[in-house]
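Listed below are the residues making up each chain.
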Amino acid sequence: MEISLLDYAFARNAIAAIFLIAALSAVVGTYIVVRRLVFSAGGITHASFGGIGLAYWAGIDPTFGALSFAVATSLAINYATNRGGIRPDSAIAMLWSLGMAIGVIFLSVSPGYAPNLMGFMFGDILAVSHVDIVLSAITAAVCIVLTIVFYRPILYTAFDPTYAQIANWHPALVTTIASVLIAIAISLSIKTVGIILVLSVFTIPQSIALVFVHSLPKVMILSGVVALIGSAAGLCLSFAFDLPSGAVITALLSLALLIVKLFKR
């Protein structure tokens with residue numbers, strides 16, 4: 001009897017993860033880029049390492065640890081910058097370092113060895129579970145629906161927050177909800193691409209798309225297509241040559257950006 005790769009659950013999960021991370025990149029990544037929140041997203045990503053360390057120490061799923069720390073960090077950054085009187089870059093740097101320190105401390109006191117740690121640092125798409133797929137699908141659906149329903153408040157909050165405030169579109173609330181969704185999307189993508197490389201999937205496709213289009217919906221659509229193609233190609237190459245999926249995806253997307261910039265120039 002002939003056996004297909006799709007007969008295995010891990011292969012089906014990997015393919016589903018590719019489509020979902022492309023959808024999240026299209027919506028969440030575009031918001032990150034147009035709002036210039038790359039440094040903030042980086043802080044949230046690395047602070048989630050504290051949740052991973054705490055989860056290993058407590059014996060629970062590291063994904064939920066990363067998720068909780070990412071959301072807490074995003075809310076803390078908003079509070080510190082809006083009400084705490086702390087500069088955004090200082091707040092991000094402080095929480096970034098604190099999260100990493102907490103992760104290292106709890107991993108050092110955890111019994112035994114953390115065998116999946118490298119997967120969280122650099123990505124292991126074969127470790128994506130059915131639960132991860134369901135959570136990512138729910139998050140992607142929520143992000144897409146909110147973007148469609150509240151497109152104008154999101155648009156003006158991103159490009160003209162003063163007008164959004166005058167129009168009573170509650171830019172502070174929009175920013176807070178967007179920050180939480182960014183944290184959730186990033187933390188759920190860590191298993192696929194890794195903490196160190198996840199931002200590449202949420203920023204490089206947008207940089208490529210902005211070379212050709214400039215309206216927000218077109219950037220979302222084109223960046224989603226680029227993320228899907230780059231991630232699918234990276235997945236195939238990682239399977240073929242037994243390489244880390246996150247590193248291959250990042251390398252391909254970076255190479256594509258370089259080629260596009262050179263030919264466009």
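Every value quoted in this text rests on a predicted model; they were computed, and no experiment measured them.

### Considerations on the nonpolar core
Here is step 1: In this structure, Val28, Ile32, Ile125, Ile186, Val201 and Phe202 are the most contacted members of the largest nonpolar core, which totals 38 residues.
Here is step 2: Elements that contribute at least two residues to this core include exactly helix 1 (9–34), helix 6 (130–149), helix 9 (171–193), helix 10 (198–212), helix 11 (216–241) and helix 12 (245–264).
Here is step 3: The dominant element in this core, judged by the number of residues it contributes, is helix 1, at ten residues.
Here is step 4: Apart from residues lying up to four places away in sequence, Ile32 is in contact with Leu37, Val38, Ala41, Ile182, Ile186 and Phe202.
Here is step 5: Ranked by size, the runner-up nonpolar core spans nine residues in total, among them Ile52, Tyr56, Phe120 and Met121.

### Describing the environment of Pro111
Here is step 1: Relative to the helices and strands, Pro111 resides in the loop between helix 4 (88–109) and helix 5 (117–122).
Here is step 2: Separated by 52 residues in sequence, Pro111 and Gly59 place their C-alpha atoms 9.8 Å apart.

### Some thoughts on a nonpolar patch on the surface
Here is step 1: A contiguous nonpolar patch, built from Ile144, Val145, Ile148, Val149 and Phe150 and spanning about 470 Å² of accessible area, is present on the exposed surface.
Here is step 2: Residue classification places Ile144 among the partly exposed positions, given a relative accessible area of 34%.

### Some points on the packing of helix 11 against helix 12
Here is step 1: Where helix 11 contacts helix 12, the axes come no closer than 8 Å and their chain directions differ by 130 degrees. Relative to helix 12, the element helix 11 lies oblique. Read as a crossing pair, helix 11 and helix 12 show a hand that is right-handed. Residue-level inspection shows Val226, Gly230, Ser231, Ala233, Gly234, Leu235, Leu237 and Ser238 of helix 11 in contact with helix 12, the latter providing Ser245, Val248, Ile249, Leu252 and Leu253.
Here is step 2: When the residues that make up the contact of helix 11 with helix 12 are grouped by side-chain class, the tally is eight nonpolar, five polar and no charged.

### Regarding unusual backbone geometry
Here is step 1: Positioned with a positive phi, Asn168 is a non-glycine residue whose angle comes to about 60 degrees.
Here is step 2: As for its placement among the helices and strands, Asn168 is situated in the loop between helix 8 (161–166) and helix 9.
Here is step 3: Although it is not a glycine, His170 sits at a positive phi angle of roughly 50 degrees.

### Section: helix 2 (residues 38–58)
Here is step 1: For helix 2, spanning 21 residues, the distance from its first C-alpha to its last is 31 Å, which sits close to the expected 30 Å at 1.5 Å a residue.
Here is step 2: Among the 21 residues that make up helix 2, 16 are buried, leaving the element largely enclosed by the rest of the structure.
Here is step 3: Just beyond helix 2, the residue with positive phi is Gly59, at close to 80 degrees.

### Examining the confidence of the model for the chain
Here is step 1: Here the chain shows a mean pLDDT of 88. Residues at 70 or above account for 94%.
Here is step 2: The element-level mean pLDDT for the chain is lowest in helix 5, coming to 74, with helix 10 highest at 94.

### A short note on the side chain of Ser200
Here is step 1: By secondary structure assignment, the location of Ser200 is in helix 10.
Here is step 2: Polar side-chain contacts of Ser200 include one of 2.9 Å to the side chain of Thr250.
Here is step 3: Those residues within four positions of Ser200 in sequence are excluded, and the remaining contacts are Val193, Pro205, Thr250 and Leu253.

### Comments concerning the packing of aromatic side chains
Two descriptors summarise a pair of aromatic rings, namely the distance from one centre to the other and the angle between the planes of the rings.
Here is step 1: Under the definition given, this model contains five aromatic pairs.
Here is step 2: Note on Phe39 and Trp96: the rings are 5.9 Å apart at their centroids and 40 degrees apart in plane angle, and the pair reads as tilted. Of the two residues, Phe39 is situated in helix 2 and Trp96 in helix 4; the sequence distance between them amounts to 57 residues.
Here is step 3: Owing to a relative accessible area of 26%, Trp96 belongs among the partly exposed residues under this scheme.
Here is step 4: The rings of Tyr156, Tyr163 and Trp169 are connected pair by pair, giving a single aromatic cluster.

About the cut-offs
Residues numbered from 1 in each chain as written. Predicted model: local features only at pLDDT ≥ 70, side-chain atom pairs only at ≥ 80, totals over all residues. Heavy atoms only, no water. Core = buried A, V, L, I, M, F, W, Y, C linked by side-chain atoms within 4.5 Å. Buried < 20%, exposed > 50% of the residue type's maximum accessible area, 1.4 Å probe, protein only. Helix = DSSP H or I, 4+ residues; strand = E, 2+ residues; numbered from the N terminus. Contact = heavy atoms within 4.5 Å. Patch = residues over 30% accessible without salt bridge, like charges linked within 9 Å, V, L, I, M, F, W, Y side chains within 5 Å. Areas by Shrake-Rupley, 256 points an atom, 1.4 Å probe, with all protein chains shown as cover. Salt bridge = Lys/Arg side-chain N within 4 Å of Asp/Glu carboxyl O. Axes fitted to C-alpha atoms, helices over the stretch in contact; angles between N-to-C directions. Parallel < 35°, antiparallel > 145°, perpendicular 65-115°, else oblique. Left-handed = near helix turned anticlockwise from the far one by under 90°. Nonpolar A, V, L, I, M, F, W, Y, C, P; charged D, E, K, R; others polar. Expected span 1.5 Å × (residues − 1). pLDDT = per-residue confidence, 0-100. Polar contact = N/O pair within 3.5 Å; in protein donor to acceptor, adjacent residues only side chain to side chain. Phe/Tyr/Trp six-rings, centres within 6.5 Å; stacked < 30°, edge-to-face > 60°.

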